[in-house]
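Observations on chain architecture
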Amino acid sequence: MRIAILPTPEDIAVVAADRIQSLLERKPSAVLGLATGSTPLPLYDELTKRYEAGEISFADTQSFNLDEYVGLPEDHPEGYANFIHRFLVDRVDFPKGAAHGPNVWTGDNDQAAADYDKAIRDAGGIDLQILGIGADGHIGFNEPGGSFASRTHVDVLTEQTRRDNARFFDGDITKVPTHCITQGLGTIMESGEALLIATGAGKAEAVRQLVEGAISARWPATILQMHPNAIVLLDEPAAQGLELADFYREVWAKHQA
Ligand code: PGA
């Protein structure tokens, strides 16, 4: 795992966008895994800015969302397919139909999950997966207790996650869906690069577990310790619980030198 502790979310967005830009320069047909939530929004703004400046293009790129709520109408603005279109896909030049998400509106979610997993494989796998982290340690919507080998599947959200996400639903937890389809931890672990972003003190405990805790189903993100190419981008508040923060800073600086 490589860990960067950077001054602001905007600095993180620049580092993450640099990685995506250099991937797309090397491989214009790269497959991106996209995260929703608040954390990646500065990154999506940065990518949009670079697209508008002619520095980056998604014209040959495909994307796969990490997850989708079950139970929202298809046109609900907080549905993750709509979210990702609003904050990234519709602002840049993805070709029509190139941005994928779990289809939770077929009436058979188990089949939809299996089909989504297969679609990722058929696309050649995800080259770069952007990840956030939940305060309870989830990545995607893989909540504590799930299998490290899981494929894309239907899952149940913890109350903590529903409370955290109530801010997108008028602050009303009863409006937050209870279920989702999420890429599994096994699916996420097959990505070529896993780029996890965490900002704010609310993520400090989950980040401490992710980086320095024991690998455990209690903190699903800890499986990334086994990912051969995982990068963790943190701001100072998210990094505040790390015992070896100074060492990570030194390693990151030497990598950049
Ligand atoms: P957030 O969500 O970016 O809105 O904090 C992250 C997550 O739950 O994975």
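A few points on the structure. Everything numeric in this text was worked out from a predicted model, so none of it was measured. (Residues numbered from 1 in each chain as written. Predicted model: local features only at pLDDT ≥ 70, side-chain atom pairs only at ≥ 80, totals over all residues. Heavy atoms only, no water.)

Side note on the overall build of the protein chain
Formally: Only runs of H or I of at least four residues qualify as helices and only runs of E of at least two qualify as strands under DSSP, and these elements are numbered from the N terminus. In this treatment the radius of gyration is a C-alpha quantity, and the globule benchmark scales as 2.2 Å times the residue count to the 0.38 power. Burial classes follow relative accessibility: with a 1.4 Å probe on protein chains only, a residue under 20% of its type's maximum area counts as buried, one over 50% as exposed, and anything between as partly exposed.
Helix and strand counts for the protein chain stand at nine helices and ten strands. In terms of C-alpha radius of gyration, the protein chain reaches 17 Å, essentially the compact-globule figure of 18 Å for 257 residues. Overall size of the protein chain, expressed as C-alpha extent along the three principal axes, is 50 × 40 × 35 Å. Across the 257 residues of the protein chain, 51% fall into the buried class.

Describing the sheet that holds strand β4 (residues 67–70)
Condition: By the convention used here, strands pair only if DSSP detects at least 2 bridges between them. Under this scheme, a helix contributes an axis fitted over its contacting stretch, all axes are lines through C-alpha atoms, and angles between N-to-C directions fall in the 0 to 180 degree range. In this description, contact between two residues means that some pair of their heavy atoms is separated by no more than 4.5 Å.
Strand order in the open sheet made by the three strands is β4-β8-β7, with antiparallel pairing throughout. In this open sheet, the two edge strands, each paired with only one partner strand, are β4 and β7 (153–156). The sheet shows a mean angle of 30° between the axes of neighbouring strands, taken without regard to direction. Both β7 and strand β8 (residues 179–182) contribute to a ladder of four bridges, which runs antiparallel. Paired with V154 across the bridge in β8 is I181. Across the sheet, helix α4 (residues 109–122) touches β4, β7 and β8, and the angle it forms with β7 is around 120°.

A closer look at the packing of helix α2 (residues 41–52) against helix α3 (residues 80–87)
To keep it simple, the criterion reads: Any angle between 65 and 115 degrees counts as roughly perpendicular, while under 35 counts as roughly parallel, over 145 as roughly antiparallel, and the rest as oblique. Residue type decides the class: Asp, Glu, Lys and Arg count as charged, Ala, Val, Leu, Ile, Met, Phe, Trp, Tyr, Cys and Pro as nonpolar, and the leftover types, Gly among them, as polar.
Viewed as axis vectors pointing N to C, α2 and α3 meet at an angle of 45°, and their least axial separation amounts to 10 Å. Here α2 is positioned oblique relative to α3, judged by the angle of their axes. Residues L41, Y44 and T48 of α2 pack against F83, I84 and F87 of α3. Residue classes in the contact of α2 with α3 are distributed as five nonpolar, one polar and no charged.

Considering helix α1 (residues 9–26)
Applied cut-off: The span you would expect from a helix comes to 1.5 Å times its residue count less one.
Helix length check: α1 (18 residues) gives 26 Å between terminal C-alpha atoms against 26 Å at 1.5 Å per residue, within 8%. Burial in α1 covers these residues: I12, A13, V15, A16, A17, I20, Q21, L23 and L24.

Quick word on the site of the ligand
Just so we agree on the cut-off: The criterion for a residue being near a molecule or strand is simple. One of its heavy atoms has to lie within 4 Å of it. Under the rule applied, a polar contact is a pair of N or O atoms within 3.5 Å (in protein, one hydrogen donor and one hydrogen acceptor; residues adjacent in sequence only if both atoms are side-chain atoms). Using a 1.4 Å probe, accessible areas were evaluated by the Shrake-Rupley method; residue-level cover was limited to the displayed protein chains.
Taken together, G37, S38, T39, G132, I133, G134, H138, R167 and K203 make up the full set of residues near the ligand. T39 places a side-chain nitrogen or oxygen 2.4 Å from an oxygen atom of the ligand. Side-chain polar atom of H138 to an oxygen atom of the ligand: 2.6 Å apart, as the coordinates give it. For the ligand, whose unbound accessible area comes to 280 Å², protein coverage reaches 85%.

Some thoughts on the packing of aromatic side chains
Note the cut-off: Only centres within 6.5 Å qualify two rings of Phe, Tyr or Trp (six-membered ring in Trp) as a pair; their planes then separate them into stacked at under 30 degrees, edge-to-face at over 60, and tilted for everything else.
Taken as a whole, this structure holds ten aromatic pairs when the rule is applied. Judged by centre distance (4.9 Å) and plane angle (25°), the rings of F58 and F94 are stacked. Of this pair, F58 sits in the loop between α2 and β3 (62–65) while F94 sits in the loop between α3 and β5 (99–100), and the two are 36 residues apart along the sequence. The burial state of F58 is the same as that of F94; both residues are buried. Here the aromatic rings of Y80 and F141 are separated by 5.9 Å at their centres, their planes lie at 25°, and the arrangement is stacked. Residue Y80 is located in helix α3, and its partner F141 is located in the loop between β6 (128–131) and β7; the two are separated by 61 residues in the primary sequence. One exposure class covers both Y80 and F141, and it is buried. Here a set of aromatic residues connected by ring pairs shows up, and it is made of Y69, Y80, F83, F87, F141, F168 and F169.

What to know about the side chain of R162
The following threshold applies: Residues counted as positive are Lys and Arg, residues counted as negative are Asp and Glu, and His and the chain ends are not counted. Salt bridges are identified by distance alone: a Lys or Arg side-chain nitrogen within 4 Å of an Asp or Glu carboxyl oxygen.
By the element assignment, R162 lies in helix α5 (residues 159–165). Nearest to the buried, unbridged R162 among oppositely charged side chains is E159, at 6.4 Å. Within polar-contact distance, the side chain of R162 engages the backbone oxygen of V176 at 3.0 Å. When residues no more than four places from it in sequence are discounted, the contact partners of R162 are L157, I173, T174, V176, P177 and T178.

Let's talk about the pairing of β6
Here β6 shows no split at all, with L128 and I130 on one side and Q129 and L131 on the other all buried. Of the strand pairs in this sheet, strand β2 (residues 31–34) and β6 are connected by two bridges, and their pairing is parallel. Bridge pairing links L32 to L128 in β6. In terms of strand pairing, β6 meets strand β9 (residues 193–198) through four bridges, oriented parallel. Paired with I130 across the two strands is L195, which belongs to β9.

Keep in mind these values describe shape, not function.
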